[in-house]
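One-letter residues, chain by chain:
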Amino acid sequence: MADFKIAPSISSADFAILGPEVDNVLKSGADIVHFDVMDNHYVPNLTIGPLVCDALRKHGVTAEIDVHLMVKPVDRIIPDFAAAGASYITFHPEASEHIDRTLQMIRELGCKSGLVFNPATPLDCLKHVLDKVDVILLMSVNPGFGGQSFIPETLNKLREARKIIDDSGFDIRLEIDGGVKVDNIREIAEAGADMFVAGSAIFNAKNDKDANVYDTVIKQMRDELAKA
Ligand code: DX5
Ligand code: ZN
């Protein structure tokens, strides 16, 4: 079986108790913390920045933190996230004037680098920078909000991205973000993804009788992935 990674998006967590929320979801078997950064400029919403990433590290989180930048411009803020303990830093090509330079900067700061493609953005700009990306992230919703529905055309785009990665011979993860649920994760994996962001599907699964229901939904996702 492929090495699948589940990355809960903490934008759907309870921010008033973020440290315990992250602890719980990792204890429940999540692999990576997906950290959505929105600036009310590149996307119409505002979330969290490097201070919160740093706070999670100081709280004791040792898992990889996958910083998804939905900000424009990107270069000024990248060193702050590297210093705050980011593992991956990904950005949207539309948000950088010099994509190659930004990718190099992320790696020089010791982080894994990646490009994020909106639903309507073609994969063209990957061609000449494949040696500089560690992850390709396909948005299966338009960025800005959790809880939206998976756009089915993304399955075709995943197949296209999977072929680009396999033909390149580079070790590149293929991440999917938006509308990932227990009932579609298997077909998403079969289309080529190996890293799965899920926000509302995981964090909205709680109920007050059971403080740690994340176990259940993450296990259901793994069971579905085992069939892929
Ligand atoms: C959207 C964010 C996503 C999102 C995922 O702009 O990048 O990470 O919060 O949430 P769900 O899984 O609820 O679609
Ligand atoms: Zn995201």
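Let me begin by describing the structure that accompanies this report. (Residues numbered from 1 in each chain as written. Chains lettered and ligands numbered in written order. Predicted model: local features only at pLDDT ≥ 70, side-chain atom pairs only at ≥ 80, totals over all residues. Heavy atoms only, no water.)

Some details on the environment of D177
Here's step 1: Tracing the chain through its elements places D177 in strand β7 (residues 173-177).
Here's step 2: Taking relative accessible area as the criterion, D177 reaches 7% and is therefore assigned buried.
Here's step 3: Put simply, D177 and K206 are 29 residues apart on the chain and 21 Å apart in space, counted from C-alpha to C-alpha.
Here's step 4: Residue contacts for D177: discarding those within four places in its chain leaves H34, D36, H68, L137, L138, M139, S140, V141 and V197. (Helix = DSSP H or I, 4+ residues; strand = E, 2+ residues; numbered from the N terminus. Buried < 20%, exposed > 50% of the residue type's maximum accessible area, 1.4 Å probe, protein only. Contact = heavy atoms within 4.5 Å.)

So, the coordination of the zinc ion (ligand 2)
Here's step 1: Summarising the metal site, the zinc ion (ligand 2) is bound by the protein donors H34 (NE2), D36 (OD), H68 (ND1) and D177 (OD), whose distances to it range over 2.0 to 2.3 Å.
Here's step 2: Between the six donor atoms coordinating the zinc ion (ligand 2), the angles at the centre fall across 67 to 170 degrees, so the site counts as octahedral.
Here's step 3: Between the donor residues of the zinc ion (ligand 2), the gaps in sequence give the motif H-x1-D-x31-H-x108-D. Separated by 141 residues along the polypeptide, D36 in strand β2 (residues 32-38) and D177 in strand β7 bring together distant segments of the chain. Taken individually, D36 and D177 each receive the classification buried, so the pair is uniform in this respect. (Donors = N, O, S within 2.8 Å, 3.2 Å for Na, K, Ca; no water. Tetrahedral: all angles 85-135°; square planar, octahedral: opposite > 155°, others 65-115°.)

Examining the site of ligand 1
Here's step 1: For ligand 1, the set of nearby residues contains 20 residues, the closest of which are D36, G144, G147, D177 and S200.
Here's step 2: At 2.8 Å, a backbone N or O of G147 approaches an oxygen atom of ligand 1.
Here's step 3: Calculation on ligand 1 without its partners gives an accessible area of 380 Å², and the protein chains cover 100% of this total.
Here's step 4: Here the shell around ligand 1 gets three residues from one element, more than from any other, and that element is β2.
Here's step 5: Taken together, the residues of the shell around ligand 1 sort by class into seven nonpolar, 11 polar and two charged. (Near = heavy atom within 4 Å. Polar contact = N/O pair within 3.5 Å; in protein donor to acceptor, adjacent residues only side chain to side chain. Areas by Shrake-Rupley, 256 points an atom, 1.4 Å probe, with all protein chains shown as cover. Nonpolar A, V, L, I, M, F, W, Y, C, P; charged D, E, K, R; others polar.)

Examining the packing of aromatic side chains
Here's step 1: Counting across every chain of the model gives three aromatic pairs.
Here's step 2: Between the aromatic rings of F4 and F196, the centroid separation amounts to 5.6 Å while the plane-to-plane angle is 65 degrees, which identifies the pairing as edge-to-face. With F4 in the segment before β1 (5-8) and F196 in strand β8 (residues 195-198), this residue pair connects regions lying 192 residues apart in the sequence.
Here's step 3: A relative accessible area of 11% places F4 in the buried class.
Here's step 4: Between the aromatic rings of F203 and Y214, the centroid separation amounts to 5.2 Å while the plane-to-plane angle is 70 degrees, which identifies the pairing as edge-to-face. With F203 in helix α7 (residues 200-203) and Y214 in helix α8 (residues 214-226), the pair connects residues that are 11 residues apart, well separated along the chain. (Phe/Tyr/Trp six-rings, centres within 6.5 Å; stacked < 30°, edge-to-face > 60°.)

Comments concerning the pairing of β2
Strand residues, when the strand is regular, have side chains that alternate between the two faces of the sheet.
Here's step 1: With seven of seven residues buried, β2 is to be regarded as a mostly interior element.
Here's step 2: In β2, alternate side chains face the same way, and those of I32, H34, D36 and M38 on one face and V33, F35 and V37 on the other are all buried.
Here's step 3: Bridging between β2 and strand β3 (residues 64-70) involves seven bridges; their strand directions are parallel. Considered in β3, the bridge of F35 is made with V67.
Here's step 4: Following the chain from β2 across helix α2 (residues 50-59) to the adjacent parallel β3, one finds a crossover that is right-handed. (Pairing = 2+ DSSP bridges. Right-handed = clockwise from strand over helix to strand, strands pointing away.)

Details of the sheet that holds strand β4 (residues 88-91)
Working definition: the strands of a sheet are paired by backbone hydrogen bonds and lie parallel or antiparallel to each other.
Here's step 1: Spatial ordering of the open sheet is given by β1-β8-β7-β6-β5-β4-β3-β2, a layout of eight strands whose pairing is parallel. The outermost strands of the open sheet, each flanked by one partner alone, are β1 and β2. This sheet shows a mean twist of 20 degrees between the axes of neighbouring strands, independent of strand direction.
Here's step 2: This element, α2, spans β2 and β3 of the sheet and lies at about 175 degrees to β3. (Axes fitted to C-alpha atoms, helices over the stretch in contact; angles between N-to-C directions.)

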